[in-house]
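# Structural overview
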Amino acid sequence: MENIIVGIDGSPHSACALRWALDEARLHQCTLTAVLTWDYLGQHHPDGSTDFDPSFDSEEADRSIDAFVVSAVGAENADLVETRAVFGLPAEGLLEAATSANLLVIGARGLGGFRELLLGSVSQRCLHEAKRPVAIVRSDTPADA
């Protein structure tokens, strides 16, 4: 295995997916890249909010992904994770990023409003359309499961 892509959006499930992917990357001695997808209506801010900000841009997305990585794996492990912010819809961006990866890792659900769902729409679409193996990781926090 050479490269693992993990989708993150600041949700508990994506943080758990990132920790799981980091363990796999260490085990297989491969590169780990965390991908945050964003668009004008799907913004993920460093403080975890998703409010619309007309000035949100790629630099803000970069700051967000860096903050999410540090929050999920700690500053001491953050340098083990490459990051990439991708402008576009979540499923499309993750599927595109995973075309050259050996494994795509995603959380079972993101920040969507339907907490009772076991599998979110982005996770479901990636599972069905990915050309590579997909690992779907549930949150390790029972309240978020």
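Reading guide: rules and limits
- Residues numbered from 1 in each chain as written.
- Predicted model: local features only at pLDDT ≥ 70, side-chain atom pairs only at ≥ 80, totals over all residues.
- Heavy atoms only, no water.
- Salt bridge = Lys/Arg side-chain N within 4 Å of Asp/Glu carboxyl O.
- Helix = DSSP H or I, 4+ residues; strand = E, 2+ residues; numbered from the N terminus.
- Buried < 20%, exposed > 50% of the residue type's maximum accessible area, 1.4 Å probe, protein only.
- Pairing = 2+ DSSP bridges.
- Axes fitted to C-alpha atoms, helices over the stretch in contact; angles between N-to-C directions.
- Parallel < 35°, antiparallel > 145°, perpendicular 65-115°, else oblique.
- Contact = heavy atoms within 4.5 Å.
- Expected span 1.5 Å × (residues − 1).

Attention now moves to the pattern of salt bridges. When their charged atoms lie close together, side chains carrying opposite charge are able to pair. In the structure shown here, the tally under the stated rule is three salt bridges. Its salt-bridge partner being glutamate 92, residue arginine 125 comes within 2.6 Å of it at the nearest N-O pair. In this pair, arginine 125 is assigned in helix H5 (residues 121-129) and glutamate 92 in helix H4 (residues 90-97), connecting sequence segments 33 residues apart. On the basis of relative accessibility, which here comes to 33%, the residue glutamate 92 falls in the partly exposed class. In this structure, the salt-bridge partner of arginine 125 is glutamate 129, at a minimum N-O distance of 3.0 Å. With a gap of four residues between them, arginine 125 and glutamate 129 both fall in helix H5, about one helical turn apart. One network of salt bridges, in which partners are shared, links Glu92, Arg125 and Glu129.

Walk down a regular strand and you will see the side chains alternate between the two sheet faces. Only one face of strand E5 (residues 134-137) is buried: it carries Ala135 and Val137, and the other face, with Val134 and Ile136, is open. Two elements, strand E4 (residues 103-107) and E5, share four bridges in a ladder whose sense is parallel. Following the sheet pairing, glycine 107 is matched in E5 by valine 137.

So, on to the packing of helix H1 (residues 12-28) against helix H2 (residues 58-73). Packing of H1 against H2 leaves a shortest axis separation of 9 Å and a crossing angle of 70°. In terms of orientation, H1 lies roughly perpendicular with respect to H2. Note on element contacts: H2 touches H1 through Val69, Ala72 and Val73, opposite Ala15, Leu18, Arg19 and Leu22.

Okay, H1 next. If you check H1, its first and last C-alpha atoms are 24 Å apart, about what 17 residues at 1.5 Å a residue would give, namely 24 Å. Inspection of H1 places His13, Ser14, Ala15, Cys16, Ala17, Leu18, Ala21, Leu22, Glu24 and Ala25 among the buried residues, and these make up the whole buried set. The inward-facing, buried residues of H1 abut strand E1 (3-7), strand E2 (31-38), H2, helix H3 (75-78), E4 and E5.

So, on to the sheet that holds strand E3 (residues 82-87). An order of E3-E2-E1-E4-E5 is seen for the five strands of this open sheet, with the pairing classed as parallel. The outermost strands of the open sheet, each flanked by one partner alone, are E3 and E5. For this sheet, the mean angle separating the axes of adjacent strands, direction not counted, is 25°. Along the sheet, H1 makes contact with E1, E2, E4 and E5, crossing E4 at roughly 150°. Those strands touched by H4 are E1, E2, E3 and E4, and its axis lies near 155° from that of E2.

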